[in-house]
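Residue-level structural notes
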Amino acid sequence: MTRQDKIEKWPLADDVVRRLPNPCYVMDMDLLDRNLEKLRRTADEAGVEIILALKGFAMWSAFGRLHDHGFDQSTASSLWEARLAVEEMGKPAYTYAVSYTPEEIEEMASLSSHLTFNSLVQFGRFSSVARAVNGSISLGLRVNPEISSVGVDLYNPCVPGSRLGVRLGDLPAARDLPSGMEGFHCHALCESDAAGSCRLIDRFEERFADYLPHLKWVNFGGGHLITRQGHDTALLVERLQAFKARWPHLHVILEPGAAFVWQTGYLLARVEDVVRNGGLPVAVMNVSFTAHMPDCLEQPYYPAIYGAFHVEPGKETEAGVQGHRYRLGGNSCLAGDFMGDWVFPEPLRAGSLLLFKDMIHYTFVKTTMFNGVHHPSLCMVRGGEIAYRRDFGYQDFKSRLS
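Keep in mind that what you see is a predicted model, and the values were worked out from it rather than measured. (Residues numbered from 1 in each chain as written. Predicted model: local features only at pLDDT ≥ 70, side-chain atom pairs only at ≥ 80, totals over all residues. Heavy atoms only, no water.)

Some words on the state of the cysteines
A full pass over the atoms with the stated rule returns zero disulfides. Among the cysteines around Cys 190, which has no disulfide bond, Cys 158 carries the closest sulfur, lying 12 Å off. Free cysteine: Cys 333, not disulfide-bonded; nearest cysteine sulfur from Cys 296 at 19 Å. What makes Cys 333 exposed here is its relative accessible area of 60%. (Disulfide = S-S within 2.5 Å. Buried < 20%, exposed > 50% of the residue type's maximum accessible area, 1.4 Å probe, protein only.)

A look at the packing of helix 2 (residues 29-46) against helix 8 (residues 233-246)
Between helix 2 and helix 8, the shortest axis-to-axis distance is 9 Å and the interhelical angle comes to 30 degrees. Between helix 2 and helix 8 the crossing geometry is right-handed. For the pair helix 2 and helix 8, contact is made by Lys 38, Thr 42, Glu 45 and Ala 46 and by Thr 233, Val 237, Leu 240, Gln 241 and Lys 244, respectively. Tallied by class, the residues present in the contact of helix 2 with helix 8 amount to three nonpolar, three polar and three charged. (Axes fitted to C-alpha atoms, helices over the stretch in contact; angles between N-to-C directions. Helix = DSSP H or I, 4+ residues; strand = E, 2+ residues; numbered from the N terminus. Left-handed = near helix turned anticlockwise from the far one by under 90°. Contact = heavy atoms within 4.5 Å. Nonpolar A, V, L, I, M, F, W, Y, C, P; charged D, E, K, R; others polar.)

As for the environment of Asn 286
Tracing the sequence through the fold places Asn 286 in the loop between strand 13 (282-285) and helix 10 (289-292). When the C-alpha atoms of Asn 286 and Pro 300 are compared, they prove to be 21 Å apart, with 14 residues separating the residues in sequence. At 2.9 Å, the side chain of Asn 286 and the backbone nitrogen of Arg 270 are in polar contact. (Polar contact = N/O pair within 3.5 Å; in protein donor to acceptor, adjacent residues only side chain to side chain.)

A look at the pairing of strand 13
Across the two faces of strand 13 the burial differs, with Ala 283 and Met 285 buried and Val 282 and Val 284 not buried at all. Pairing geometry for strand 12 (residues 265-275) and strand 13, over four bridges, is antiparallel. Following the sheet pairing, Val 275 is matched in strand 13 by Val 282. Hairpin connection between strand 12 and strand 13: a loop of six residues separates the two successive antiparallel strands, and Gly 278 in this loop has a positive phi of roughly 95 degrees. (Pairing = 2+ DSSP bridges.)

As structure tokens, then:
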């Protein structure tokens, strides 16, 4: 079987595509339910709490579906995310920020049930302020387990010299932990499998076991990609159960962002021009990589496109791939707003539709209105019906500039 035989068919029916705006982020609510069911089952079997990391997905119009599956807690990384947690998730946030400021700390504490500090200096500076505002708040410290399982330094919180979390060697003895410190939070993963999660749990316990009798909770952060196909959920559940058996007094928290909406939606785009300047023809789209798919340039990684194959740059041919080759370019004026070489079964021309796969997590939460290019709409579909639509216009762009 050739790669050409494995081209995935579009998951959206033609009549749905005709009714969708273009460009548009499209979330399939049935696929979201599938993920939420798996996360709910994992949390219940392991006896842990799984909460939504708003930094990975903050489309609050979909939060009702999370509530239906018993997810009403979220983690915030800023004051505005904490406000969103309270206003739209309906519960105070589990808040962690790299740094807090005197101007924001009181409001952040009032919006949070848990407040985690990135350093002992920040804990000493603001912990008493937070407790004075919110007497029931639980305070914690981010620790750095010094385990590197992320290949790209941009996404590796444990890279040498990282500013994120306190290393074991910089902590006081367990008996000398600051008064009021009730939890440890660590984060070291990015789209990791169960084996990666288990390594983190083992490493954390190995390094910080002396402190655990003095704590009430531990947070193993995000990056646990529980909903990815092939994830060994049974292994993760087993390891979490074993950890809890050794430390039954601890409340255990996981806060994935991507896992909630992994493979639940798409970015629908359109080719507007094909430019030929002596090299590979470039299909210029009505979306931008830098503005609408920033992770593609930051990480970088090549997105998946239904009905097309990515081909490594410089390779004129690849076994099993036949068709028409193009480079895909965005519609901003950034010279580097292009991503990869692709082979399509049919020639591309103005009006050709493209469907990017898995474009819901860490996508529109990071979009910009750079260059004033038209921002993709947000839509939800269920079956053949469009259940929700949000369009963006000039006033959305203008309001960000004044």
